[in-house]
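Observations on chain architecture
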Amino acid sequence: MALYVHKYGGTSMGSVERIQNVARRVAKWHQAGHQVVVVPSAMSGETNRLLGMAREIQKNPDPRELDMLASTGEQVSVALLSMALQELGVAARSYAGWQVPIRTDSAFNKARIQSIDDARVRADLDANKVVIITGFQGVDDQNNITTLGRGGSDTSAVAVAAAMGAVECLIYTDVDGVYTTDPRVVPEARRMNVISFEEMLEMASLGSKVLQIRSVEFAGRYRMPTRVLSSLTDPTGSLAEEMASGTLITFEEDEKMETAAVSGIAFSRDEAKLTLLAVPDKPGIAHSILGPIAAANIDVDVIVQNQSVAGTTDFSFTVNRAEYNRAVEVLTKEVQPAVGAREVVTDDKVCKVSIVGIGMRSHVGIASLMFQTLSQEGINIQMISTSEIKTSVIIADKYMELAVRALHKAFGLDQPGGSL
C-alpha cells in the first residue's frame, strides 16, 4: 500500500459535476489499495469573489480578516469532495488546515509553512479513509488562520506529501504536463516526460505558469517527486496509464532524466528596462542605485554595468512592468540627483526569453547558438543574464514570439527525444 497526495486546482473543482469527477478519480486510486490524501483548491473564481467583496467593504482589507475570509473557499471544496466520495461508498474525512494542524508563521496573506502534525491524518488513513485537507492555508502560534498566497494549494500539497513521505505528489490541472514552451506560441511544443527540480524552478521563475514557484522550491528541498498531469481525462480510465502520464519533476541524477542540452524555452512579457547614463564609475555605485530601488520594495531582475569610459559607465536593470512607473520615479527623483547621472533612459516594451537545461553544464556552444539564432532573425539582444543551467536575453517585446519559435526549432525541441 503506497501513499499518494493529489492536488486539484480550481478548474477541476469548478462545479458539482467536476467535483464528482474528482471523487471518481480518487476512488479509483483508493480502490486499487493506495492511501490517498487530497488537497483541493477553492472552486474556480471563488477566491476572487471573496476578495472582491472584501474590497467593496474595506479599501485596504485588514490582513487577518482577509485570511479568515479567503480560507472559506477551500473549506467548501473539501466538504463537498468528502460528501461526493461518501456517496460513492468511499469513507472520507475533510479537515481545514488548522485542524491538522498545518503550522505557519504569522505573515498574513503570504504565510510560510513551519510544520505539519500528521497524527490525525495517519490515523484516518490507517482506518481506510481518504483524507481531504484544505490547501492554501494553515494556522499560526496564536491560532489565527493564515493563507499562503496565490497558488498556495500547490505548496500545501507538496508540503503534506513531504511531511508524510508520500511516493509522489500529483498536481492535477487543466494541462497535461510541462511543455518545452507555451504551445499557444509554438504549436510544435512537446510535453516533457521528465524534468529536474532545478529546470522546473528556472522555468517557473522565468514565466512558466504551470506550477507555483514556492511549491517547486519545497519539492526540491525535500526531494519530493512531483507529477503534473491532466484532470480532464476520463476519471475511470486505466490507473497504470494515469500513473505514468504527465510530467514527472524529479532529481537530476534520476535514471529517468533526459540528457538534452536545452529542455525548454521560457519567456516573460512583463519586463521593463531602466538605464542610468554616465554614472561615475566608483566603488559603491551599484548600491547607490539599487539601494533606493530595494527600499521601495521593487524587485530587480537582470543587471548590466558597461565598461568604464572616461570615468563613467552606463548602468541598466530590469523590473516587472507593473513596478515600472514606481521605479522610474525613484530613479529620477532620488537616484539620478544623488549619483550625478547624466540621464535616465527607460523602455517598457521589452521582454525576456530564456533557454533552460541541466545539459548546458556539459554542452559547449549553447549560448553561442542562441545568439546566432537571434541574429539570423534580425533580433537585437539588449541584455544578457546567465547561470549554470539557463541563459536569458532581454529583447524588444515585438520579437518575442519570433524568438521563441526560432530558438525552439534551433535546439531541436520540436523533435521527439529532445534537443541537441
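Structure report, in brief. Keep in mind that this is a model prediction, so the values were computed, not measured.

1. Observations regarding the nonpolar core
If you look at the biggest cluster of nonpolar residues, it comprises 40 residues, and the most contacted ones within it are Val5, Val37, Val121, Ile133, Cys169 and Met200. Taken together, the elements giving at least two residues each to this core come down to β1 (3-8), β2 (35-40), α5 (119-126), β6 (130-133), α6 (152-164), β9 (168-173), α7 (197-205) and α8 (213-221). Here this core takes six residues from α6, the largest share from any one element. What Val121 contacts, discounting residues up to four positions off in sequence, is Val37, Val100, Val131, Ile133 and Met164.

2. Some points on the sheet that holds strand β16 (residues 343-356)
Hydrogen bonding along the main chain pairs the strands of a sheet, whether they run parallel or antiparallel. Judged by pairing direction, the sheet is antiparallel, and its six strands sit side by side in the order β14-β15-β13-β16-β18-β17 without closing on themselves. Every interior strand has two partners, whereas the edge strands, β14 (300-305) and β17 (383-387), have only one. If you compare each strand with its neighbour and ignore which way they point, the axes differ by 30 degrees on average. For β17 and strand β18 (residues 390-396), the ladder comprises five bridges, and the chain directions are antiparallel. Across the sheet, Ile384 pairs through a bridge with Val393, a residue of β18. Running over the sheet, helix α12 (residues 366-376) touches β16, β17 and β18 and is turned about 20 degrees from β18.

3. So, the sheet that holds strand β11 (residues 226-230)
If you trace the eight strands from one edge of the open sheet to the other, you get β3-β6-β2-β1-β9-β11-β12-β10, paired in mixed fashion. Bordering the open sheet on either side are β3 (92-95) and β10 (194-196), each of which pairs with just one other strand. Averaged over all adjacent pairs, the angle separating strand axes in this sheet is 20 degrees, with direction ignored. Sheet topology places β1 next to β2; six bridges connect them, and they run parallel. When the bridges of β2 are listed, Tyr8 appears paired with Pro40. Each of β1, β2, β3 and β6 touches α5; the most contacted strand, β2, lies at about 130 degrees to it.

4. Structural notes on the side chain of Asp118
With respect to the helices, strands and loops of the structure, Asp118 is situated in the loop between β5 (113-116) and α5. Classification of Asp118 as buried rests on a relative accessible area of 17%. Looking at Asp118, its side chain comes within polar contact range of the side chain of Arg122, at 2.7 Å. Discounting residues that sit within four places of it in the chain, Asp118 has contacts with Ala163 and Met164.

5. Describing the packing of helix α10 (residues 285-295) against helix α11 (residues 324-339)
Angle between the axes and distance between the axes: these two values describe a pair of packed helices. Their axes nearest at 9 Å, the elements α10 and α11 cross at an angle of 145 degrees. Crossing handedness for the pair α10 and α11: right-handed. Residues Ile285, Ser288, Ile289, Pro292 and Ile293 of α10 touch α11, and the partners they reach there are Ala327, Val330, Leu331, Glu334, Val335 and Val339. Each residue belonging to the contact of α10 with α11 can be placed in one class, and the counts come to nine nonpolar, one polar and one charged.

6. A short note on α11
The sharpest bend along α11 comes to roughly 40 degrees, located at Leu331. All buried positions along α11 are accounted for by Tyr324, Ala327, Val330, Leu331, Val335, Gln336 and Val339. Positioned one or two residues after α11, Gly340 has a phi angle of 75 degrees, which is positive.

7. A few points about the packing of aromatic side chains
Taken as a whole, this structure holds five aromatic pairs when the rule is applied. Ring geometry for Tyr8 against Tyr172: centres 4.6 Å apart, planes inclined by 10 degrees, an arrangement best described as stacked. Remark: Tyr172 occurs in strand β9 and Tyr8 occurs in strand β1; sequence separation between them is 164 residues. Taking the ring centre of Phe218 as reference, the NZ or CZ of Arg221 above it sits at 5.6 Å. Taking NZ or CZ as reference, Arg223 lies 4.2 Å from the ring centre of Phe251, over its face.

The rules behind each value
- Residues numbered from 1 in each chain as written.
- Predicted model: local features only at pLDDT ≥ 70, side-chain atom pairs only at ≥ 80, totals over all residues.
- Heavy atoms only, no water.
- Core = buried A, V, L, I, M, F, W, Y, C linked by side-chain atoms within 4.5 Å.
- Buried < 20%, exposed > 50% of the residue type's maximum accessible area, 1.4 Å probe, protein only.
- Helix = DSSP H or I, 4+ residues; strand = E, 2+ residues; numbered from the N terminus.
- Contact = heavy atoms within 4.5 Å.
- Pairing = 2+ DSSP bridges.
- Axes fitted to C-alpha atoms, helices over the stretch in contact; angles between N-to-C directions.
- Polar contact = N/O pair within 3.5 Å; in protein donor to acceptor, adjacent residues only side chain to side chain.
- Left-handed = near helix turned anticlockwise from the far one by under 90°.
- Nonpolar A, V, L, I, M, F, W, Y, C, P; charged D, E, K, R; others polar.
- Bend = angle between axes of the 7 residues up to and from the residue.
- Phe/Tyr/Trp six-rings, centres within 6.5 Å; stacked < 30°, edge-to-face > 60°.
- Lys NZ or Arg CZ within 6 Å of the ring centre and 35° of its normal.

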